[in-house]
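Coordinate analysis (summary)
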Amino acid sequence: MESDILNHENITRLTIDGKDVILIGTAHVSQESVDLVQRVITEVKPDTIAVELCDSRYQSLKNPEKWKSLDLFTVIKEGKAFVLLSQLILSSFQKKIAKELKIQPGAEMMAAIKLAEEQNAHLVLADRDVKTTLKRTWANLSFWQGLKVMSTLLAGLLTNEKVSAEDIEKLKKNDALEDAMKEFATQFPTVRESLIDERDQYLAEKIRIASGNTIVAVLGAGHLPGIKKYIYTPRDLAPLEVIPPPGKFKKYFSWSIPVLFVLIIVYLIINGSSGEATGFVSLWVILTASLATFGALVVRAHPLTTLSAAISAPLTTIHPLISVGMVAGLVEAYIKKPTVSDLETISEDLTSWNKAINNQAIKIFLVLISTNLFTSIPALSVILYGTITTATSFLKNIF
């Protein structure tokens, strides 16, 4: 006689290529989801258990001490700071909700992993690597969209708004993180494909090709509609794992700044306006150095970090491959290395500005963002002003 547990509203049962596939829709911060996963796996005893985790997230759950070995200096040097920061923000958001619900985030995944070990079932890590997902997401954003996305994430994270009792009950029945990601994707339609749709396709294919006659898949409830849509159609996963190169606009735009800067100076000198050329360069140096200094001071950077930001800003703001934030972040990471305590509490401290500013690991990210933010817009304004002024002068000379 079939158990009533398989008739649960959060369970979907499918037959694919002769295999019995049971999808369990969970909320990542719900004790009810943990209980449901344990009951289903215990009663069904599947050959294979698939979980909505990639290897890096699996390692984080299995080894929560992993943060102690985090090398932020290398992360910034390799240009991975924004990807890591995005991971931390999502993790902090989940922990913030989990704190209200008094349960560890990902507890239902850990329950499934533990039962797979106990029952000697094959474990499938079915999700795409989170770094790939975030890199593909960032690749689809323009510079301004990226700033807007990051500010939206930080604003939602640092808010002191409390979760009501009604909201808590709702969160217990839904996948809170997936709901938030869907709402986020609604605000930024360009990220929906990489953040949600592609992962649904990836998860569906991983489950479809999993070995065994009986497969139980533990997934965020928000993925179920997409997985049911895609799971019957075979697809090549390789294209979904490719990191797209920067778009032509981004590439040309990054090089347009130094090209325009040089052209403006060359034109002024050739036109006999060496004084104006000197004034333009002086304005650029003073403005970028001052604003980089201000950006570093806002987040209480080390004095040497502030000095390095001021010195490097005039050059890095016209360099297409190096930013003032990268230089300042590297100096801050080198001078004031985060403590073990900083790394252990990085996700929790991201939920409060007072805690964040006093956590050295987070401060490195803040230095990078703040110095870049305060120098980029004014620097572009100066270039734009210089371009318009030079073009106007050039046209007057012709006509």
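These numbers come from a predicted model, not from an experiment. (Residues numbered from 1 in each chain as written. Predicted model: local features only at pLDDT ≥ 70, side-chain atom pairs only at ≥ 80, totals over all residues. Heavy atoms only, no water.)

1. Overview of the overall build of the protein
- For the protein, the count of helices and strands is 19 helices and five strands.
- Summing over all exposed atoms, the protein offers an accessible surface of approximately 20,000 Å²; the carbon and sulfur share of this is 60%. (Helix = DSSP H or I, 4+ residues; strand = E, 2+ residues; numbered from the N terminus. Areas by Shrake-Rupley, 256 points an atom, 1.4 Å probe, with all protein chains shown as cover.)

2. Section: the pairing of strand β5 (residues 214-220)
- Burial within β5 is extensive, with seven of its seven residues counted as buried.
- Sheet analysis places strand β2 (residues 19-26) next to β5, joined by seven bridges and oriented parallel. Paired with Asp-20 across the strands is Thr-214, a residue of β5.
- Looking at chain direction, strand β3 (residues 48-51) and β5 are connected through four bridges and run parallel. Opposite Thr-48, over in β5, you have Ile-215 as the bridge partner. (Buried < 20%, exposed > 50% of the residue type's maximum accessible area, 1.4 Å probe, protein only. Pairing = 2+ DSSP bridges.)

3. Thoughts on the environment of Lys-355
- Positionally, Lys-355 belongs in helix α18 (residues 353-358).
- Overall, the relative accessible area of 38% leaves Lys-355 in the partly exposed class.
- Those residues within four positions of Lys-355 in sequence are excluded, and the remaining contacts are Glu-348 and Asp-349. (Contact = heavy atoms within 4.5 Å.)

4. Notes on the packing of aromatic side chains
- A complete count under the given rule lists one aromatic pair for this structure.
- Judged by centre distance (5.0 Å) and plane angle (85°), the ring pair of Phe-294 and Phe-374 falls under edge-to-face. Here Phe-294, found in helix α13 (residues 274-298), pairs with Phe-374, found in helix α19 (residues 360-398); they are 80 residues apart in sequence, far enough to count as distant.
- Its relative accessible area of 44% is what places Phe-294 among the partly exposed residues.
- Residue classification places Phe-374 among the partly exposed residues on the basis of a relative accessible area of 27%.
- The positively charged end of Lys-337 is found above the aromatic ring belonging to Tyr-334, 4.7 Å away from the centroid. (Phe/Tyr/Trp six-rings, centres within 6.5 Å; stacked < 30°, edge-to-face > 60°. Lys NZ or Arg CZ within 6 Å of the ring centre and 35° of its normal.)

5. Examining the pattern of salt bridges
- All chains considered together, the criterion is met by nine salt bridges.
- The salt bridge partner of Arg-208 is Glu-205, with a shortest N-O separation of 2.9 Å. Residue Arg-208 and its partner Glu-205 are located together in helix α10 (residues 192-208), separated by three residues, close to a single helical turn.
- Taking the relative accessible area as the measure of exposure, Arg-208 reaches 14% and is therefore buried.
- Accessibility expressed as a relative area gives 7% for Glu-205, which makes it buried. (Salt bridge = Lys/Arg side-chain N within 4 Å of Asp/Glu carboxyl O.)

6. Side note on the nonpolar core
- Grouped together as the largest cluster of nonpolar side chains are 21 residues, with contacts concentrated most on Ile-24, Val-40 and Val-218.
- Listing elements by their share of this core, those giving two or more residues are β2, α1 (31-44), β3, α5 (107-118) and β5.
- No other element matches the five residues that α5 contributes to this core.
- Those residues in contact with Val-218 that sit more than four places away from it in its chain are Ile-24, Thr-26, Val-37, Ala-50, Val-51, Glu-52, Glu-108, Met-109 and Ala-112.
- Ranked by size, the runner-up nonpolar core spans 20 residues in total, among them Ile-346, Ala-361, Ile-362 and Val-367. (Core = buried A, V, L, I, M, F, W, Y, C linked by side-chain atoms within 4.5 Å.)

7. Focus on the pairing of strand β1 (residues 11-16)
- Summarising the sheet, β1 and β2 pair through six bridges and their orientation is antiparallel. Bridge pairing in β2 links Arg-13 to Ile-22.
- Between β1 and β2, which pair antiparallel in sequence order, lie two residues; one of them, Asp-17, sits at a positive phi of approximately 50°.

8. Brief notes about the confidence of the model for the protein
- For the protein, per-residue confidence averages 78 on the pLDDT scale, and 67% of positions sit at 70 or higher.
- Within the protein, the element-level pLDDT minimum falls on helix α8 (residues 165-173), averaging 49, and the maximum on β3, averaging 97. (pLDDT = per-residue confidence, 0-100.)

9. Regarding the packing of helix α6 (residues 130-139) against α10
- Closest axis-to-axis distance for the α6/α10 pair is 9 Å, and the angle between their directions is 135°. The pairing of α6 with α10 is recorded here as oblique in orientation. Contacts between α6 and α10 involve Thr-133, Arg-136 and Thr-137 from the first element and Ser-194, Leu-195, Glu-198 and Arg-199 from the second.
- Here the contact of α6 with α10 is composed, by residue class, of one nonpolar, three polar and three charged. (Axes fitted to C-alpha atoms, helices over the stretch in contact; angles between N-to-C directions. Parallel < 35°, antiparallel > 145°, perpendicular 65-115°, else oblique. Nonpolar A, V, L, I, M, F, W, Y, C, P; charged D, E, K, R; others polar.)

10. Focus: α6
- Of all 10 residues in α6, seven are buried, a share of seventy percent or more.
- Considered for burial, the residues of α6 that qualify are Val-130, Thr-132, Thr-133, Leu-134, Arg-136, Thr-137 and Trp-138.
- If you check the start of α6, you find a side-chain oxygen 2.8 Å away from the backbone N of Lys-131, and it comes from Asp-129. (Polar contact = N/O pair within 3.5 Å; in protein donor to acceptor, adjacent residues only side chain to side chain.)

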